[in-house]
2 protein chains.
Amino acid sequence: MADSVVLDPVDLDILRLLQNDARTTYRDLAAQVGVAPSTCLDRVTRLRRSGVILGHQLRLDPARMGRGLEALLSVQVRPHRRELIGPFVERVRALPESRALFHLAGPDDYLVHVAVTGTADLQRLVIDEFTSRREVARVETRLIFQQWECGPLLPPSSTPVSTSASSPLSPSVSGG
Amino acid sequence: MADSVVLDPVDLDILRLLQNDARTTYRDLAAQVGVAPSTCLDRVTRLRRSGVILGHQLRLDPARMGRGLEALLSVQVRPHRRELIGPFVERVRALPESRALFHLAGPDDYLVHVAVTGTADLQRLVIDEFTSRREVARVETRLIFQQWECGPLLPPSSTPVSTSASSPLSPSVSGG
DNA sequence: ATTGAAAGTAACTAAAG
DNA sequence: CTTTAGTTACTTTCAAT
């Protein structure tokens, strides 16, 4: 569970480039990093096996998918016990409107990132899927004006890094 | 700016499959969708050109990158004027700890998703990069226990969809 | 717009430095 | 660990429908 991973400058360069465009070929990767293509293949294979690389994902434009409005829902689930929060998490993950779900420390137990058609859709979602539930004590809705991704994800220090970590991030992408 | 896009069942199948694994070959895609590989290539090319597909991204495990602690920072920027929020957004986006940034409607102006080494790193980040800034009126920090992605992103209704949308989502991934 | 087949590249394997 | 060479597989083009 706690795999020890060492990332050298070559790994970091590769990861940085692939975060910009995951379709970059090993040949292009090799040219920019300064090693042979087969070395790049080997590094990427190792990074996938070691769990540093979780997967390759398509980034879509929610607006062009017909979901032009996004919002964050802060949710209190009370009582906050396993019997209630387990099913709650699974139900929220299964909603087609859900993009991400966070279990938090603080007065608001969960934060749900949702993408909807418009305000009517959002209202329906909040009422029918959240506030109408007995275990949901409170929902606070905040609209998203604009959002930015802030990659690439890099190690804390600039020198080779050794990490021993059991990831709290669920590797599965699709709800199920 | 408001490109009209029509997604038929073939497009939706392709997008659904690629969201599970963006490395799926056109050959495999074709076999599962029931069209020729060249058709899949054509569809994907169109989806990229039309802006539905923003890019192919690598998903990494923050913990194995040496960032085992994640948090959400709610930030009030006052006064909330363009002269202040523009530079604020750019500075936050440029932080190596930032993973995502949201501009919100509500009492908290911004939500920042950060990944750090530990509590000491988080404390330093909050104090040195946020609360010490004159334009930052208030910061509220919530730790992330666990998080889930909830894909795949699909259109609101199950039948072919026509959308006319100018996206509020910034297409750029890397801070810059 | 979709197809099938041909041509061009890339991914991957294996053997050697 | 890296490189080079060679095999397999995929991507891409294109003429035809």
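Remember, it's a predicted structure, so these values are computed and weren't measured experimentally. (Residues numbered from 1 in each chain as written. Chains lettered and ligands numbered in written order. Predicted model: local features only at pLDDT ≥ 70, side-chain atom pairs only at ≥ 80, totals over all residues. Heavy atoms only, no water.)

A.B. asks: Where do I start with the overall build of chain A in this structure?
C.D. replies: Along its length, chain A carries five helices and seven strands. Each helix and strand of chain A, ordered N terminal to C terminal, gives the series β-α-α-α-β-β-α-β-β-α-β-β. Summarising the internal contacts of chain A: among those between residues at least 6 apart in sequence, 67% fall at separations of at least 24. When the accessible area of chain A is evaluated, it comes to approximately 8200 Å², of which 52% is carbon and sulfur surface. (Helix = DSSP H or I, 4+ residues; strand = E, 2+ residues; numbered from the N terminus. Contact = heavy atoms within 4.5 Å. Areas by Shrake-Rupley, 256 points an atom, 1.4 Å probe, with all protein chains shown as cover.)

A.B. asks: What is the right way to look at unusual backbone geometry in this model?
C.D. replies: Negative phi is the rule for most residues except glycine; trans is the rule for most peptide bonds. Residues and elements named next belong to chain B. For the bond from R78 to P79, the omega torsion is -5 degrees, close enough to zero to count as cis. Note that P79 resides in the loop between β3 (69-77) and α4 (82-94). At the junction of G151 and P152, the peptide bond is cis and its omega measures out at -5 degrees in the coordinates. Mapped onto the elements, P152 comes out in the loop between β6 (136-149) and β7 (161-165).

A.B. asks: Hey, could you run me through the confidence of the model for chain A in this one?
C.D. replies: Low-confidence regions, as indicated by low pLDDT, have predicted coordinates that should not be scrutinised in detail. On average, residues of chain A score 89 in pLDDT, and 87% of them reach the 70 mark or higher. Overall, residues 166-176 of chain A carries pLDDT values under 50, and its contacts beyond four positions in sequence, including any with other chains, amount to 29 contacts. (pLDDT = per-residue confidence, 0-100.)

A.B. asks: Is there a simple way to explain the packing of helix α1 (residues 9-20) of chain A against helix α3 (residues 37-49) of chain A in this structure?
C.D. replies: The relative placement of two packed helices is expressed as an angle between their axes plus a distance between the axes. Residue and element names in this part refer to chain A. Taken N-terminus to C-terminus, the directions of α1 and α3 make an angle of 80 degrees; their axes are 10 Å apart at the nearest point. With respect to their mutual orientation, α1 and α3 come out roughly perpendicular. Facing V10, D11, I14, L15 and L18 of α1, the residues of α3 in contact are C40, R43, V44 and L47. The class makeup of the residues in the contact of α1 with α3 is seven nonpolar, no polar and two charged. (Axes fitted to C-alpha atoms, helices over the stretch in contact; angles between N-to-C directions. Parallel < 35°, antiparallel > 145°, perpendicular 65-115°, else oblique. Nonpolar A, V, L, I, M, F, W, Y, C, P; charged D, E, K, R; others polar.)

A.B. asks: How should I be thinking about the protein's contact with DNA strand C in this particular structure?
C.D. replies: Taken together, T25(A), Y26(A), R27(A), L41(A), V35(B), A36(B), S38(B), T39(B), R43(B) and R46(B) make up all the residues around DNA strand C. In the environment of DNA strand C, a phosphate oxygen lies 3.2 Å from a nitrogen or oxygen atom belonging to the backbone of Y26(A). Contact distances for DNA strand C include 2.3 Å between a phosphate oxygen and a side-chain N or O atom of R43(B). Broken down by secondary-structure element, the contributors of at least two residues to the surface near DNA strand C are α2 (26-33) of chain A together with α3 (37-49) of chain B. The dominant element in the surface near DNA strand C, judged by the number of residues it contributes, is α3(B), at four residues. The residue makeup of the surface near DNA strand C, split by class, is four nonpolar, three polar and three charged. (Near = heavy atom within 4 Å. Polar contact = N/O pair within 3.5 Å; in protein donor to acceptor, adjacent residues only side chain to side chain.)

A.B. asks: In this structure, what is going on with the layout of surface pockets? I would like to understand it.
C.D. replies: To find leftover empty space, a probe the size of one water molecule is rolled over the atoms. When its volume is computed, the largest pocket comes out at roughly 300 Å³. Around the largest pocket sit 17 residues that line it, and A22(A), R23(A), A22(B), R23(B) and H56(B) are the ones nearest its centre. (1 Å grid on protein atoms, 1.4 Å probe; cavity = no way out; pocket = protein on both sides within 12 Å on 5 of 7 lines; lining within 4 Å. Points joined across faces, edges and corners; volume = space filled by probe spheres on them.)

A.B. asks: Teacher, can you tell me more about the protein's contact with DNA strand D here?
C.D. replies: In the neighbourhood of DNA strand D, the contacting residues comprise V35(A), A36(A), S38(A), T39(A), R43(A), R46(A), T25(B), Y26(B), R27(B), S38(B) and L41(B). Taking R43(A), its side chain carries an N or O atom lying 3.0 Å from a phosphate oxygen of DNA strand D. Contact between DNA strand D and R27(B): a phosphate oxygen at 2.4 Å from a side-chain N or O atom of the residue. For the surface near DNA strand D, the elements supplying multiple residues, two or more each, are α3 of chain A together with α2 (26-33) and α3 of chain B. Ranked by the residues each element gives to the surface near DNA strand D, the list is headed by α3(A), at four residues. Residue composition of the surface near DNA strand D, by class: four nonpolar, four polar and three charged.

A.B. asks: Mind showing me how you'd approach the packing of aromatic side chains here?
C.D. replies: Each aromatic ring pair is described using two quantities: the centre-to-centre distance and the angle formed by the ring planes. Residues and elements named next belong to chain B. Per the stated rule, a full pass over the model turns up four aromatic pairs over all chains. With a centroid separation of 5.0 Å and 50 degrees between ring planes, the pair formed by F88 and Y110 is classed as tilted. Of this pair, F88 sits in helix α4 while Y110 sits in strand β5 (residues 110-116), and the two are 22 residues apart along the sequence. A single burial state applies to F88 and to Y110, both of which are buried. Geometrically, the ring pair formed by F88 and F130 is edge-to-face, given 6.4 Å between the ring centres and 70 degrees between the ring planes. Of this pair, F88 sits in helix α4 while F130 sits in helix α5 (residues 119-131); the two residues are 42 residues apart in sequence, bridging distant segments of the chain. Judged by its relative accessible area of 0%, F130 falls in the buried class. (Phe/Tyr/Trp six-rings, centres within 6.5 Å; stacked < 30°, edge-to-face > 60°. Buried < 20%, exposed > 50% of the residue type's maximum accessible area, 1.4 Å probe, protein only.)

A.B. asks: Looking at this model, I keep getting lost on the relation of the copies chain A and chain B. Mind explaining?
C.D. replies: Each of the two copies of the chain can be brought onto the other by a rotation about an axis and a shift along it. With an RMSD of 0.1 Å, the operation that places chain A on chain B is a rotation of 180 degrees combined with a shift of 0.0 Å along the axis. With respect to symmetry, the two chain copies, as superposed, fit the operation of a two-fold axis. Among all residues of chain A, the one whose C-alpha sits closest to the rotation axis is Q57(A), at a distance of 2.7 Å. When you check the interface residues of chain A against chain B, 100% turn up at the interface there too, and the contact is symmetric in its surfaces. (Least-squares fit on C-alpha atoms with pLDDT ≥ 70 in both.)

A.B. asks: Looking at this model, I keep getting lost on the side chain of S50(A). Mind explaining?
C.D. replies: Relative to the elements of secondary structure, S50(A) occurs in the loop between α3 and β2 (53-60). Of the polar contacts made by the side chain of S50(A), one reaches the backbone oxygen of L47(A); its length is 3.2 Å. In this structure, S50(A) is in contact with V5(A) and R64(B), ignoring residues within four places of it in sequence.

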